[in-house]
Amino acid sequence: MNVPLFTLNRQHEKLMDELMKATLEVIKSGKFILGPQVSEFEEKVADYLGVKYAVGVGNGTDAISIALSAIGINPGDEVITTPFTFVATAETIAMLGAKPVFVDIDPDTFNINPELIEERITEKTRAIIPVHLYGQAAEMDRILEIAKKYDLFVIEDTAQGIGATYRGRKLGTIGDVGTFSFFPTKNLGALGDGGLVVTNNEEIFKKVKSLRVHGSPRKYYHEYLGYNSRLDTLQAAYLIVKLPHTDEWNRKRREIADFYNENLKDVVRVPREKEGNYHIYHQYSIRTEKRDELRNFLNERGIGTAIHYPIPLHLQPAFSYLGYKEGDFPEAEKAAREVLSLPVFPELTEDEKNYVVEKIKEFFRR
Ligand SMILES: *Cc1c(COP(=O)(O)O)cnc(C)c1O
């Protein structure tokens, strides 16, 4: 049997007619840049998330860059974040000339450990970017408390967390700004690149909206230096088709996670959903010291797996100029050695789930 880590084919087969219809509508309208589907999607997704303003942008990386620019991050500023995330979270900080300052993670949730944030705050600290890794909320209450005390902005990197909640509130809507990605493999994915910035702050909203079109609130008038980063009309049209399915897809991911938890808890360290969190399992990542052997074993038996992420950001060559060394963030480093993501997507079949569990148990019985 072959069990892919991830596939969109099964989802797209079911939605094919609607997607084709949406494609034709956009082609016929001729409005490829900021066509009416973009604002329609922005309204629908703002409503879904329960937030005042949503602005569609080119991708999830640009969403973070634009959010950082919108809150006024300048060269020399410091922004606190986690080293255990996709590179975009810290790359965007660095590309603005600001300094990413890393803080180690909580080994239970893989998210930034709020108890370690205060000791990293300096005169230059301007913001904190918690990442809701794998689809589970970071500890927002603690983070907001610290941000308030030191007058810092909070940008939630919610690329992996659309539809997840923290004490009943949707992720991305809790801090000053939330950023999302619609990269095809995310829980809500486009058929290409796409991203979103959300906020309840009108001033930030206006700035984000103009930043995505070269900092120009009206044509050929440029208030700020900006970006060329708009959500594509076609992608918005596809996202309108897919958005209503998000909750059901997330629910199915949770069912698969429950099944894995139940069947694997005695052989590996399974993910833990913290009280107050609604985890949407963008990734279902187990931990084991035998990670690499297990991965090979599963690969030989047709089961797709992945490592999110094999090298924490403070040890990446691109960030060597920051001067971090091995041992600086022991929990992130340990997680990088031990995590293994298993197939978890809504259309995974009973047989496939059973096969994954059976093979993992077989590995540990040998
Ligand atoms: C996917 C992802 C991004 C970047 O999104 P793109 O749309 O690929 O640019 C940023 N942060 C995290 C945590 C991600 O998973």
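Residues numbered from 1 in each chain as written. Predicted model: local features only at pLDDT ≥ 70, side-chain atom pairs only at ≥ 80, totals over all residues. Heavy atoms only, no water.

Visitor: Give me the sheet that holds strand E10 (residues 277-278): which residues, what numbers.
Guide: If you trace the three strands from one edge of the open sheet to the other, you get E7-E6-E10, paired in antiparallel fashion. Looking at strand neighbours, the two that pair on one side only are strand E7 (169-170) and E10, the edges of this open sheet. For strand E6 (residues 165-166) and E7, the ladder comprises two bridges, and the chain directions are antiparallel. Residue pairing across strands places Tyr166 opposite Arg169, the latter belonging to E7. (Pairing = 2+ DSSP bridges. Helix = DSSP H or I, 4+ residues; strand = E, 2+ residues; numbered from the N terminus.)

Visitor: Which residues make up the packing of helix H1 (residues 9-29) against helix H7 (residues 233-242), and what values go with them?
Guide: Interhelical geometry of H1 versus H7 gives an angle of 135° and a closest axis separation of 9 Å. Here H1 lies oblique to H7, going by the angle between them. The chirality of how H1 crosses H7 is right-handed. Within the contact between the two elements, H1 uses Gln11, His12, Leu15, Glu18, Leu19, Ala22, Thr23 and Val26 and H7 uses Thr233, Leu234, Ala237, Tyr238, Val241 and Lys242. Of the residues in the contact of H1 with H7, the class split is eight nonpolar, four polar and two charged. (Axes fitted to C-alpha atoms, helices over the stretch in contact; angles between N-to-C directions. Parallel < 35°, antiparallel > 145°, perpendicular 65-115°, else oblique. Left-handed = near helix turned anticlockwise from the far one by under 90°. Contact = heavy atoms within 4.5 Å. Nonpolar A, V, L, I, M, F, W, Y, C, P; charged D, E, K, R; others polar.)

Visitor: Before we move on, can you summarise the sheet that holds strand E9 (residues 195-199) with the specific residues and values?
Guide: With mixed pairing, seven strands are arranged side by side in an open sheet as E1-E9-E8-E5-E4-E2-E3. Two strands bound the open sheet, and with one partner strand each, they are strand E1 (53-57) and strand E3 (99-102). Along the sheet, successive strands turn relative to each other by an average axial angle of 25°, direction set aside. Inspection of the sheet shows strand E4 (residues 125-129) paired to strand E5 (residues 153-157) by two bridges, in the parallel sense.

Visitor: Which residues make up the layout of surface pockets, and what values do they have?
Guide: What the largest pocket holds in volume is close to 490 Å³. Put simply, the parts of the chain that give the lining of the largest pocket at least two residues each are helix H3 (60-70) and helix H4 (88-95). The element contributing the most residues to the lining of the largest pocket is H3, with three residues. Residue composition of the lining of the largest pocket, grouped by class: 11 nonpolar, 12 polar and four charged. Looking at the lining of the largest pocket, you find at least three residues from each of domain 1 (9-244) and domain 2 (246-365). Space inside the second largest pocket adds up to approximately 290 Å³. (1 Å grid on protein atoms, 1.4 Å probe; cavity = no way out; pocket = protein on both sides within 12 Å on 5 of 7 lines; lining within 4 Å. Points joined across faces, edges and corners; volume = space filled by probe spheres on them. Domains from an automatic or database assignment.)

Visitor: Outline empty space enclosed by the protein, listing residues and values.
Guide: Under the criterion given, the structure shown has three cavities of 30 Å³ or more. In this model, the largest cavity occupies a volume close to 70 Å³. If you go around the largest cavity, you meet 14 residues; those closest to its centre are Phe6, Leu8, Gln11, Lys186 and Arg253. For the lining of the largest cavity, a count of residues per class yields six nonpolar, four polar and four charged. Lining the lining of the largest cavity are residues from two domains, each supplying at least three of them: domain 1 (9-244) and domain 2 (246-365). Taken as a whole, the second largest cavity spans an internal volume of roughly 40 Å³. Lining the second largest cavity, in full, are Asp108, Thr109, Phe110, Leu133, Tyr134, Gln136, Pro271, Arg272 and His279. Split into classes, the residues belonging to the lining of the second largest cavity amount to four nonpolar, three polar and two charged. Each of domain 1 (9-244) and domain 2 (246-365) gives at least three residues to the lining of the second largest cavity.

That is the geometry; function is a separate question.
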